[in-house]
Amino acid sequence: MAKAPALPSGFELPLEPRLPRIGSIDAVAVEARAEDLARRSIKRESKVFALELAIRMIDLTTLEGADTPGKIAALASKAIRPDPSDPSIPSVAALCVYPNLVPHALEGLRGSGVKVASVATAFPSGQAPLDVKVREVEEVVAMGADEVDMVIDRGAFLSGRYAKVYDEIVRVKEACGDAHLKVILEVAELGTYDNVRRASLLAIAGGADFVKTSTGKLASAATLPVALVMLEAIRDVYEETGRMVGMKPAGGIRHAKQAVQYLVQLHETLGVEWLTPDLYRLGASSLLNDVLMQIRKEKTGRYQSPDYFTID
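I'd like to hear about the environment of G252, residue by residue, with values.
Looking at where G252 falls in the secondary structure, it is placed in the loop between β7 (246-248) and α10 (256-270). Assessed through its relative accessible area of 36%, G252 is described here as partly exposed. Sequence-distant contacts of G252, that is, excluding residues within four places in its chain, are made with A221 and Q258.

I'd like a description of the environment of A179, backed by residues and values.
Within the secondary structure, A179 is located in the loop between α7 (162-176) and β5 (180-184). Sequence separation between A179 and A145 is 34 residues, and the spatial gap between their C-alpha atoms is 7.1 Å. If we ignore the near neighbours within four places in the chain, the residues touching A179 are V141, A145, D146, E147, V148, K173 and D209.

Give me the sheet that holds strand β1 (residues 58-61): which residues, what numbers.
Spatially, eight strands are ordered β7-β6-β5-β4-β3-β2-β1-β8 in an open sheet, and the strand pairing comes out parallel. The sheet terminates laterally at β7 and β8 (282-284), the two strands that pair on one side only. Ignoring which end each strand starts from, the neighbouring axes of this sheet average 25° apart. For strand β2 (residues 94-97) and strand β3 (residues 115-119), the ladder comprises four bridges, and the chain directions are parallel. By the bridge assignment, L95 is partnered in β3 with V116. Of the strands in this sheet, β1 and β2 touch helix α3 (residues 69-80), which is tilted by about 160° from β2.

If you had to explain the nonpolar core to someone new, which residues and values would you point to?
In this structure, L95, V183, Y280 and L282 are the most contacted members of the largest nonpolar core, which totals 88 residues. Per-element tally for this core: the top contributor is helix α9 (residues 224-241), with ten residues. If sequence neighbours within four positions are ignored, L95 has contacts with L60, I72, L75, A76, A105, L109, V114, K115, V116 and A117. Core analysis: the next-biggest nonpolar cluster, separate from the first, contains seven residues, C96, A117, V119 and V151 among them.

Break down the layout of surface pockets for me, with residues and values.
As a volume, the largest pocket reaches approximately 450 Å³. The wall of the largest pocket is formed by 26 residues, among which T61, G216, G251, A284 and S285 lie closest to the centre. Of all elements in the fold, only β1, α3 and β8 reach the threshold of two or more residues within the lining of the largest pocket. When grouped by side-chain class, the residues that make up the lining of the largest pocket number nine nonpolar, ten polar and seven charged.

Conventions we followed
- Residues numbered from 1 in each chain as written.
- Predicted model: local features only at pLDDT ≥ 70, side-chain atom pairs only at ≥ 80, totals over all residues.
- Heavy atoms only, no water.
- Helix = DSSP H or I, 4+ residues; strand = E, 2+ residues; numbered from the N terminus.
- Buried < 20%, exposed > 50% of the residue type's maximum accessible area, 1.4 Å probe, protein only.
- Contact = heavy atoms within 4.5 Å.
- Pairing = 2+ DSSP bridges.
- Axes fitted to C-alpha atoms, helices over the stretch in contact; angles between N-to-C directions.
- Core = buried A, V, L, I, M, F, W, Y, C linked by side-chain atoms within 4.5 Å.
- 1 Å grid on protein atoms, 1.4 Å probe; cavity = no way out; pocket = protein on both sides within 12 Å on 5 of 7 lines; lining within 4 Å.
- Points joined across faces, edges and corners; volume = space filled by probe spheres on them.
- Nonpolar A, V, L, I, M, F, W, Y, C, P; charged D, E, K, R; others polar.

Laid out in structure tokens, this is it:
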């Protein structure tokens with residue numbers, strides 16, 4: 001696959017004339033490469049390692065209108081001890097909730113090391129005035145959230161107002177303080193691989209600690225080809241600047257096999273340095289149970305009933 005053109009140093013403004021010319025994705029090559037990586041097999045001992053690593057990378061997520069403090073307390077317990085019968089199973093990376101439930105997540109996770117992530121910036125649409133978005137971010141950080149998952153203004157991006165999108169990311173990053181910022185692109189609405197790459201680079205230029213595929217609120221979410229385009233944007237930034245940016249595929253990742261495919265893709269594209277929850281997350285609400293079932297099968301030789309694990 002041909003490497004995209006070099007990144008313009010610093011993304012000097014004005015952004016509008018520069019970003020549309022950044023890269024040109026060969027869709028056939030990207031999809032073929034993603035399919036090839038998805039077919040890679042790994043040895044049994046490596047599979048157990050990959051499954052446990054996937055758990056350590058999960059952002060256990062609940063973003064439903066019916067979420068309650070009781071549900072958050074239950075998920076916090078599961079985040080800390082995914083399989084209460086097996087203390088060797090690691091905790092997940094973070095619990096991701098709506099802003100008003102951040103205090104309940106903090107209470108449930110106290111002393112565990114599991115992070116609290118909160119969506120913000122008028123999630124999932126991103127359609128709100130900038131001052132409202134910034135205030136929401138300031139509030140969730142003040143409440144104690146460790147991580148903020150923001151959404152870009154896709155309307156502004158798709159109409160070519162790249163500077164507006166960039167400025168919003170910069171302002172939100174400033175409001176985050178010490179909290180890590182994940183920038184959600186909502187790739188299903190971006191239309192093309194070129195747009196996915198452009199939005200990824202824009203988010204990184206604005207200060208994103210992670211770029212994230214999706215809100216999980218659309219029928220189409222993360223895919224392996226889209227994730228590969230984003231990983232290659234991260235790779236190109238790293239090769240030019242030395243800056244390591246994280247990645248979070250989210251939405252539609254429900255099975256352990258998919259999680260392993262994403263990890264193989266990560267390893268082959270960015271290398272072992274990125275095989276850490278500090279630089280890679282899996283956004284999921286139903287993935288964890290399937291991973292636990294697969295680990296139990298690898299350890300015992302038989303599948304556990306799905307009913308054995310709690311239903312989120």
